[in-house]
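Understanding the architecture of this molecule
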Amino acid sequence: MNSNSTEILGNLLKTYETYFDISYNHCVDNLPVEAEAEFHSRSEKYVLVKKANLWSAESHEYTYFVMVDSLTPDIYENYRKAILEDGLKRIEPKKDHMCSYVSLIIITNSCSEDIHTPVLKTKFHKEFRFSIYGWMDYRVAVYDCSTGKIYTNRAGKDLKKNLQSVTK
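Figured I'd write up the structure that's included with this text.

Thresholds, definitions, all that
Residues numbered from 1 in each chain as written. Predicted model: local features only at pLDDT ≥ 70, side-chain atom pairs only at ≥ 80, totals over all residues. Heavy atoms only, no water. Helix = DSSP H or I, 4+ residues; strand = E, 2+ residues; numbered from the N terminus. Rg over C-alpha atoms; globule rule 2.2 N^0.38 Å. Areas by Shrake-Rupley, 256 points an atom, 1.4 Å probe, with all protein chains shown as cover. Lys, Arg positive; Asp, Glu negative; His and termini not counted. Charge placed at Lys NZ, Arg CZ, Asp CG, Glu CD. Expected span 1.5 Å × (residues − 1). Buried < 20%, exposed > 50% of the residue type's maximum accessible area, 1.4 Å probe, protein only. Contact = heavy atoms within 4.5 Å. Phe/Tyr/Trp six-rings, centres within 6.5 Å; stacked < 30°, edge-to-face > 60°. Core = buried A, V, L, I, M, F, W, Y, C linked by side-chain atoms within 4.5 Å.

From N to C terminus, the protein chain includes 4 helices and 7 strands. Element order for the protein chain, N to C, with α for helix and β for strand: α-β-β-β-α-β-α-β-β-β-α. Relative to the globule expectation of 15 Å for 168 residues, the C-alpha radius of gyration of the protein chain, 17 Å, shows essentially globular dimensions. Its C-alpha atoms give the protein chain principal-axis dimensions of roughly 55 × 30 × 25 Å. Accessible surface, the protein chain: about 9700 Å² in total, of which carbon and sulfur atoms supply 50%. In the protein chain, the 22 positive side-chain charges and the 23 negative ones have mean positions that sit 8 Å from each other.

Okay, here's the thing in structure tokens:
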């Protein structure tokens, strides 16, 4: 990896470290992952004492940061499947679960020209017990260091904003 992509990853992780728990150098299904970030939030409303709970809601996000020298549709598909499967294992649908996001951010030195279509067509939304136990979305963003382009799926628009702020 070149120093530009390493610097971008470092800056991106700095934006996450305030609210996320970050761990480094993992493998997911024998694929290297530079870092993983986890965020957990719980909100609740009660009257006078905590036992008189009116409502509570939990939100979770699992973000995987991957660095690849050259991204092809085959490499993308391997990561897409492995990260989605690993992220789904972490989600615990229950009464207070509101939403979860599984996010994949790939930073690459170069992309094949046909990578835009598979990224754009990536979508996965799951409702647990007809949304009574919440839902989850799969978000994907790819940053090409050689061109400065950012590719996302529809759910990954928020990831694009964060990447744009880091790569200016």
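This part covers helix H2 (residues 73–90). Counted at 1.5 Å a residue, the expected span for H2 with its 18 residues is 26 Å, and the 26 Å between its end C-alpha atoms agrees. Considered for burial, the residues of H2 that qualify are Tyr76, Tyr79, Arg80, Ala82, Ile83, Leu84, Asp86 and Gly87. Taken together, the buried residues of H2 touch strand S1 (21–28), strand S2 (31–46), strand S3 (53–71), strand S4 (97–111), helix H3 (116–120) and strand S6 (135–144).

Turning our attention to the packing of aromatic side chains. Across all of its chains, the model carries 4 aromatic pairs by this definition. Here Phe20 and Phe39 contribute two aromatic rings whose centre-to-centre distance is 5.4 Å and whose plane-to-plane angle is 40 degrees, an arrangement assigned as tilted. One end of the pair, Phe20, is in the loop between helix H1 (3–16) and S1; the other, Phe39, is in strand S2, and 19 residues separate them in sequence. On the basis of relative accessible area, Phe20 is assigned to the buried category, the value being 13%.

For the rest of this paragraph, the subject is the nonpolar core. Core analysis: the largest hydrophobic core is formed by 26 residues, its most contacted members being Tyr64, Ile83, Leu104 and Ile106. Those elements giving two or more residues to this core turn out to be S2, S3, H2, S4 and S6. Residues in contact with Leu104, not counting those within four places in the same chain, are Tyr64, Val66, Tyr79, Arg80, Ile83, Tyr138, Arg139, Val140, Ala141 and Leu159. Ranked by size, the runner-up nonpolar core spans 19 residues in total, among them Ile8, Phe65, Ile107 and Ala141.

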